[in-house]
Structure formats: C-alpha cells, structure tokens
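Understanding the architecture of this molecule
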Amino acid sequence: MAHYAELDINNKVIRVLTACNQDIATHGGELSEEAANYFGTYTPFLENGVKWVQTSYNNNFRKQYAGIGYTYDANKDKFIEPQPFTSWSLDSNDDWQSPVAYPSITTYGDNITFSISWNEVEQKWIGKDNENNEFTWIPSSSSWLATGQ
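Quick look at the structure, then. In this text, all values refer to a predicted model and were calculated from it rather than measured experimentally. (Residues numbered from 1 in each chain as written. Predicted model: local features only at pLDDT ≥ 70, side-chain atom pairs only at ≥ 80, totals over all residues. Heavy atoms only, no water.)

**Some details on the packing of aromatic side chains**
Per the counting criterion, the structure on display carries 17 aromatic pairs. Summarising the aromatic geometry, the rings of F39 and Y42 are spaced 5.4 Å apart at their centres and angled 75° between planes, so their arrangement reads as edge-to-face. Note that F39 and Y42 are positioned in helix α2 (residues 33-42) at a spacing of three residues, about one turn of the helix. Plain terms: the ring middles of Y57 and Y65 are 5.2 Å apart, the flat faces sit at 80° to each other, and that makes the pair edge-to-face. Classification of Y57 by relative accessible area gives exposed; the value is 56%. (Phe/Tyr/Trp six-rings, centres within 6.5 Å; stacked < 30°, edge-to-face > 60°. Helix = DSSP H or I, 4+ residues; strand = E, 2+ residues; numbered from the N terminus. Buried < 20%, exposed > 50% of the residue type's maximum accessible area, 1.4 Å probe, protein only.)

This is the structure:
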C-alpha cells in the first residue's frame with residue numbers, strides 16, 4: 001500500500017492516508033507528482049490541506065514515514081519530525097539533537113534499565129529506576145548521580 005501525507009500551507013502534515021498501489025502505478029508510479037495529483041482527485045483535502053506527498057511506511061524514501069505534525073522540506077525532499085524541545089537543534093542528518101548528548105549508560109545494577117527523559121528547564125537528562133528513584137546524568141563523568149546528592 002502506498003501512503004500519502006496531506007500538507008497544509010506551511011508544509012505541516014495534517015494527516016496520512018493509504019492509497020491503492022495499482023492506482024499509483026497506473027497514474028505515474030511511486031514518487032510521481034501525477035500519482036499524488038491523482039490521489040487528490042478521489043481524496044479531497046481537509047479544510048487546511050493544499051498538497052499530497054507520498055511517504056514511505058518502511059522509511060525507504062523521504063527520510064522517514066510522515067506523521068501528523070511533521071514538516072515536509074521540499075528542498076531536501078524529506079519529512080522532518082517535530083522539534084521535541086526548544087533547545088534541540090537539527091544535525092546534518094536532519095535528526096533532532098539535545099544540547100547534552102544522550103546518556104551512554106542506560107542500565108545499572110543487574111542490567112536494570114533506567115527510564116530516561118529530557119528536562120528542558122534544567123537542560124539535563126533524568127533517569128528513574130523501577131522504584132521511581134530519580135537520577136541525574138553527569139556527562140563529564142559519564143555517570144548517574146542520585147537526586148539530592
């Protein structure tokens with residue numbers, strides 16, 4: 001099945017729908033403007049929709065599968081995820097990177113995995129163990145410090 005992302009005037013994805021492969025093949029084929037336009041003839045735009053762009057469920061083209069809120073960069077011909085936090089920036093591969101690298105250690109003790117999340121206010125990684133104890137990632141020592149120490 002082929003998949004198409006509906007874009008608004010700002011190239012934001014507002015929905016993703018499935019198309020019949022045979023219809024696409026018959027009307028210009030994969031990644032063709034003709035197929036996208038044909039898809040639009042039987043799938044009307046939403047109120048804010050202006051364009052259909054094919055996306056790959058298997059990430060075979062246009063970087064990644066489009067999701068609601070993603071942006072289509074026409075110059076790079078790829079879909080870019082929404083920015084997760086204000087402090088994060090795009091790298092050369094168009095992946096969002098935090099200002100502090102993701103922790104290199106994600107487990108402790110007998111291979112118990114931390115639940116890791118980004119704290120935007122304090123610009124740091126927080127880890128929680130299975131008992132909900134909180135730890136802070138210290139990049140300079142590549143270690144976790146229990147909160148309050």
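**What about the environment of S141?**
Looking at the secondary structure, you find S141 in the loop between β12 (134-138) and β13 (143-146). Among the residues examined, S141 registers a relative accessible area of 43% and is labelled partly exposed. Between the alpha carbons of S141 and A36 there is a distance of 52 Å; along the sequence they are 105 residues apart. Within the structure, the side chain of S141 is placed 2.6 Å from the side chain of S143, a separation counted as a polar contact. (Polar contact = N/O pair within 3.5 Å; in protein donor to acceptor, adjacent residues only side chain to side chain.)

**With respect to the pattern of salt bridges**
Under the criterion given, the structure shown has six salt bridges. Close ionic contact of E6 with R15 constitutes a salt bridge, the shortest N to O distance being 2.4 Å. Accessibility assignment for this pair places E6 and R15 in one class, buried. Among the salt bridges present, the one from D94 reaches K76, with a minimum N-O distance of 2.9 Å. On the criterion of sequence distance, the pair formed by D94 in the loop between β6 (89-90) and β7 (96-97) and K76 in the loop between β4 (71-73) and β5 (78-80) is long-range, its members being 18 residues apart. (Salt bridge = Lys/Arg side-chain N within 4 Å of Asp/Glu carboxyl O.)

**Details of the nonpolar core**
If you look at the biggest cluster of nonpolar residues, it comprises nine residues: W88, V100, F114, I116, W118, W125, F135, W137 and W144. Breaking this core down by element, the ones donating at least two residues are β10 (115-119) and β12. The contact partners of W118, leaving out residues within four places of it in the chain, are F85, S87, W88, S98, P99, V100, Q123, K124 and W125. (Core = buried A, V, L, I, M, F, W, Y, C linked by side-chain atoms within 4.5 Å. Contact = heavy atoms within 4.5 Å.)

**As for the environment of S92**
Within the secondary structure, S92 sits in the loop between β6 and β7. With 49 residues separating them along the chain, S92 and T43 place their C-alpha atoms 35 Å apart.

**Observations regarding α2**
Given 3.6 residues per helical turn, the α-helix brings residues three or four places apart onto the same face. For α2, the set of buried residues is A35, A36 and F39. Buried residues of α2 fall within an arc of 100° about the axis and therefore sit on the same side. Of the surrounding secondary structure, the elements contacted by the buried residues of α2 are β1 (2-7), β2 (13-19), α1 (21-26) and β3 (51-55). (Arc of directions from axis to C-beta.)

**Quick notes on the sheet that holds β1**
The strand order across the open sheet formed by three strands is β2-β1-β3, and the pairing between neighbours is antiparallel. Since the sheet does not close on itself, it has two edges, and those belong to β2 and β3, each with one partner. Strand-to-strand, the axes of this sheet are offset by a mean angle of 30°, without reference to chain direction. When β1 meets β2, the two strands line up antiparallel, connected through six bridges. Residue pairing across strands places E6 opposite R15, the latter belonging to β2. (Pairing = 2+ DSSP bridges. Axes fitted to C-alpha atoms, helices over the stretch in contact; angles between N-to-C directions.)

**Observations concerning unusual backbone geometry**
Excluding glycine, most residues fall at negative phi; most peptide bonds, likewise, are trans. Despite not being glycine, N11 has its phi angle at roughly 65°, a positive value. Structurally, N11 can be placed in the loop between β1 and β2. N11 sits in the partly exposed class, given a relative accessible area of 27%. For N132, which is not glycine, the phi dihedral falls at a positive 70°. Tracing the chain through its elements places N132 in the loop between β11 (124-128) and β12. Residue class for N132 comes out exposed when judged on its relative accessible area of 56%.

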